[in-house]
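# Structure at a glance
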Amino acid sequence: MLINKDWKLSHFAVGEARDLDIASPDYIDHFWMQAEVPGDVHSTLLKKGLIDDPFYGHNDLKSKWIEEKVWWYRTEFDFDKKLLERDEVVELIFNGLDTFTTIYLNGLELGETANMFISHTFDVTRELVDGKNILAVKFDPVAEQLKVKEKRYWAGFGKDRIWARKAQYHFGWDWGPQIITAGIWKDVRLETKKTVKIENVFARTTRIEKGRANVLVDIDAKAFKEDSEISAVVTMTGEGKSVTEEKTLMRGKTTVPLTINNPKLWWTHDLGDPFLYQLNVELFTAGDLVDSYQLNFGIRDIQVKQEEADGTTRFTFVLNGIEIFAKGANWIPIDSFVGAAPDMQYKHLISLSKEANMNMLRVWGGGIYEKDVFYQECDRQGLLVWQDFMFACALYPDYNRNFMNNVQGEVEFVIKRLRNHPCIALWCGNNENDWLYEVEYAAGRITTPFYGERIFHEMIPGLLKELNPDRFYLPSSPFGGNDHNAEDVGDRHNWQVWHGNVEPRKFGEVPAQNYSVEGVSFKNYKKDKTRFSSEFGMHASASRYTLERNLPEGTFFWGSDEMAYRNKDYHHQKGILLMEGYTGVPEDIEEYMNYSMLTQAEGLKCGVEHYRRNKPETSGTLIWQLNDCWPGTSWSMIDYYLLPKASYYYARKFNQPLLFTLDHQEEDGTFSLWAVNDTVSGWSDELLLEVHHVKKGMVYSETIAVNIMGNQSCLLASFAEGEVLKEYRPEEVVIRLRSSDDKVEENCYYLRDHKDMNFAPANLIVKVNREKQEVEVSTDNLARFVKLEIPSDKVHFSDNFFDLLPGERKVISISHLEFQPLPFEQLKLSAVNSQSVIRED
Ligand code: BMA
């Protein structure tokens, strides 16, 4: 029985009211407002019109008072105690409470909670009454809880947060506002259990051989009556076939082995079908079914290869024996108000990731262990998950027993909750703690021991050994080598680009930053021979719609305070330097939107294609970052309203499993052409190398035979610029690579930075077909970075931010992710070099 309805909400000043009075069944809450559960206080107040949207302008500062109050949730529900059988036990379960609460049922204090990341269960068999029951939850202000804690040592983005087992980004991050939420952020329910309940099921593939797979299912049950004999029936169903095994439990536990003949394996979507079996566990006592549990289960094997036979280091995920190149992005919580975020949003973001040919997402350590829908969708859509534990960019008080007990409970809970998901490829202890500790220590900014070390290097690996021994564990990200961010071992975060870090460095060396055009340039990616690039990226503007919706009137201009407020990163000059090197410095908001998006898109393309050419020495690219938690300016590829930036459309191309890519050497004016094959089959094709003049169209072409094996990157040919340009100037041409039978999407390259190109003005013609929701775009001269905009959230274009070659046309289909009507009359089209746009409806 869900208890998500009829919740009421009110607030008090600290010390204003007596807790037991408010918790009492007699308390009059008629004057309280209705609250939505799951959700949070801010979202409820916003819905009621009691606060202004915290994302608009500087409104987040106006809602700070919310964080200082004591918030109470109360609800009333009916329970028919007469229906309860003698042996039955009733549990009250809170799936998620954010964060410091005290819970009362019918005026009785059940307990306190201090961890947002776990569920809280109470046996309330005796405390429930027949008929009307009153449940009350008090949320203490986070700051009140934390103000008594010492904060003498290093933590990025605010020091208080380290004591709170609450999403760390709530305390502010370099891409999101500081909004400290409170509330019942997941379901609340009552569960009736008879004699026995299933505590946990752990299902895993232990062996895959030709024609069969072995699966073990551990069952952990709790008997409420000592003498009950319990038996388990386990059934695995898939493709119309089932396998069933039965076993008796000993002291509440058993392991049931299943053999699946001709198993259908779980694959990432790019390699096959993410096939899921249904696993059903039923417990019986004396012939009665007493509890059951269902699970979607993928049969698959995943490893991380760290060394080749000859000793060469690697960081390669191996799925069912196939080495894969991981392509994807870092996932941050999808909202500052994550409890109120709809499940649909998750489905969209994961579908969009899949469409962009991503096969891995990293759940980053400063957010939350994601909601169930996230992992279910990744299982279903065939994306792997790199799962961090929720610790980021700080030292954590591992010397404090209460804190460590809290963390231990969390780690155990999370491992058990997530370990059955086939999507989870790796566990990672934290985000950047090990690396940054060492860097900050070397810089003399830290003098303490590495607090937190015991969590990542003792507690978590210890618990994983017991609870999930077969999954790879990385203590931190980045990790491995000298220093932790080294290229030759483990994974690496490339923050030379954007943050200007001077690397490589070695343990003990004083860190340095190079804030210059060259220092932050995305061309630095090409020097990076990392084994696995798990973070790298750069900012781009959010979409026009997103900005206009949240900037107060008169502030939508480049250089306004409001625009600066959207950007939570330190040293805003970094973004300007990056654009200065590639597009030139923007002079107005239009240029800023175009230049920042173009720089991000071309920069990520430069990085990812370089890393892919270096396969398998480099075996993965996780871009920082996929999404946003608010309508801000950040590294995201998709903004808060699910409007993809240019980099997203580029990613669909630079991530495609079969890729033709051009590597331009600026120093000597040569370029080479490569084919990268991430599929397991061989690839025979013809690469068409075409040189197009911005006005005259194709001026050179050549066909190159391609014959490469599966899972390979291969150099095809090298040229001096002059060989293909002939009399044409490099500032006036584009090189297009495509496949003679259109097996791959075409890919365009410019041999000069955007600021040095010499485009001719383009005159565009747009034909809009509203019925088919399509537009056809054509141009005379080359149109660079053709952009379509419609003022709505969740717009889906079949392509956007593309180049149209002289005299060519392209049809784009446009839809809303939730099939809402779109204002086609407000469709805007432009290119960075467009002179005129003629629209024909
Ligand atoms: C890395 C991440 C985040 C941060 C990002 C951009 O350090 O792990 O902490 O938001 O870079 O600076």
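One can find the structure itself at the top, above this paragraph.
Residues numbered from 1 in each chain as written. Predicted model: local features only at pLDDT ≥ 70, side-chain atom pairs only at ≥ 80, totals over all residues. Heavy atoms only, no water.

## Here we look at the pattern of salt bridges
- This model, assessed by the stated rule, comprises 71 salt bridges.
- A salt bridge links Asp 160 to Lys 151, with the nearest nitrogen and oxygen atoms 3.7 Å apart.
- The exposure class of Asp 160 is partly exposed, given its relative accessible area of 33%.
- Arg 314 is the partner of Glu 308 in a salt bridge, and the nearest nitrogen-oxygen pair spans 3.3 Å.
- For Glu 308, a relative accessible area of 27% corresponds to the partly exposed category.
- Residue Arg 314 is classed as buried on the basis of its relative accessible area, which comes to 5%. (Salt bridge = Lys/Arg side-chain N within 4 Å of Asp/Glu carboxyl O. Buried < 20%, exposed > 50% of the residue type's maximum accessible area, 1.4 Å probe, protein only.)

## A closer look at the packing of helix H14 (residues 573–582) against helix H15 (residues 589–613)
- Across the interface, H14 lies against H15 with an axial gap of 10 Å and an inter-helix angle of 80°. On the basis of the axis angle, H14 is roughly perpendicular to H15. Only Tyr 592, Tyr 595, Ser 596, Leu 598, Thr 599 and Glu 602 of H15 make contact with H14, whose side of the interface consists of Leu 578, Met 579 and Tyr 582.
- Considering only residue class, the contact of H14 with H15 consists of 6 nonpolar, 2 polar and 1 charged. (Axes fitted to C-alpha atoms, helices over the stretch in contact; angles between N-to-C directions. Helix = DSSP H or I, 4+ residues; strand = E, 2+ residues; numbered from the N terminus. Parallel < 35°, antiparallel > 145°, perpendicular 65-115°, else oblique. Contact = heavy atoms within 4.5 Å. Nonpolar A, V, L, I, M, F, W, Y, C, P; charged D, E, K, R; others polar.)

## So, the side chain of His 269
- Relative to the elements of secondary structure, His 269 occurs in the loop between strand S18 (253–261) and strand S19 (277–285).
- Accessibility expressed as a relative area gives 19% for His 269, which makes it buried.

## With respect to the sheet that holds strand S37 (residues 733–739)
- In spatial order, the strands read S35-S34-S37-S38; together these 4 strands make up an open sheet with antiparallel pairing. Two strands in the sheet have a free side with no partner beyond their single neighbour: strand S35 (697–708) and strand S38 (747–749). The sheet shows a mean angle of 20° between the axes of neighbouring strands, direction not considered.
- Pairing geometry for strand S34 (residues 683–693) and S35, over 11 bridges, is antiparallel. In the strand pairing of S35, Leu 689 is matched with Glu 702. (Pairing = 2+ DSSP bridges.)

## A look at helix H8 (residues 401–418)
- The end-to-end C-alpha distance of H8, which contains 18 residues, comes to 26 Å, matching closely the 26 Å that a straight helix rising 1.5 Å per residue would cover.
- Within the sequence span of H8, burial applies to Phe 403, Met 404, Val 407, Glu 410, Val 411, Val 414, Ile 415, Arg 417 and Leu 418. The buried side chains of H8 occupy one side of the element, clustering within an arc of 160° when seen end-on. Of the residues in H8, the exposed ones pointing more than 90 degrees away from the buried face are Arg 401, Asn 402 and Asn 405.
- Buried positions along H8 lie against helix H7 (372–381), strand S26 (384–388), strand S27 (424–428) and helix H10 (453–467). (Expected span 1.5 Å × (residues − 1). Arc of directions from axis to C-beta.)

## Brief notes about the packing of aromatic side chains
- Tallying each qualifying case throughout the model produces 53 aromatic pairs.
- With 5.7 Å between their ring centres and 65° between their planes, Tyr 27 and Trp 32 make a pair best called edge-to-face.
- A residue is classified by how much of its surface remains accessible, and Trp 32, at 10% relative accessible area, is buried.
- With a centroid separation of 6.4 Å and an interplanar angle of 80°, the aromatic rings of Phe 94 and Phe 122 are classed as edge-to-face. Taken together, the positions of Phe 94 in strand S4 (residues 88–94) and Phe 122 in strand S8 (residues 120–123) put the pair 28 residues apart, joining distant regions of the chain.
- Judged by its relative accessible area of 13%, Phe 122 falls in the buried class.
- Of the aromatic side chains, those joined through ring pairs into one cluster are Phe 55, Phe 337, Tyr 545, Trp 630, Tyr 640 and Tyr 641.
- A cation sits over an aromatic face here: Lys 149 above Trp 163, 5.0 Å from the ring centre.
- The lysine or arginine in question, Lys 605, covers the ring of Tyr 749, its NZ or CZ lying 4.0 Å from the ring centre. (Phe/Tyr/Trp six-rings, centres within 6.5 Å; stacked < 30°, edge-to-face > 60°. Lys NZ or Arg CZ within 6 Å of the ring centre and 35° of its normal.)

## Here's the deal with unusual backbone geometry
- Cis geometry is adopted by the peptide bond preceding Pro 504, which originates at Glu 503 and carries an omega value of 5°.
- For Pro 504, the location among the structural elements is in the loop between strand S29 (492–493) and helix H11 (517–520).
- Residue Gln 625 follows Trp 624 across a cis peptide bond; omega there is 5°.
- Considering the arrangement of structural elements, one finds Gln 625 in the loop between strand S31 (620–623) and helix H16 (646–654).
- The residue Thr 195 is not glycine, and still its phi comes out positive at about 60°.
- For Thr 195, the position within the fold is in the loop between strand S13 (188–194) and strand S14 (196–209).
- Phi is positive for Ala 286, close to 45°, though the residue is something other than glycine.

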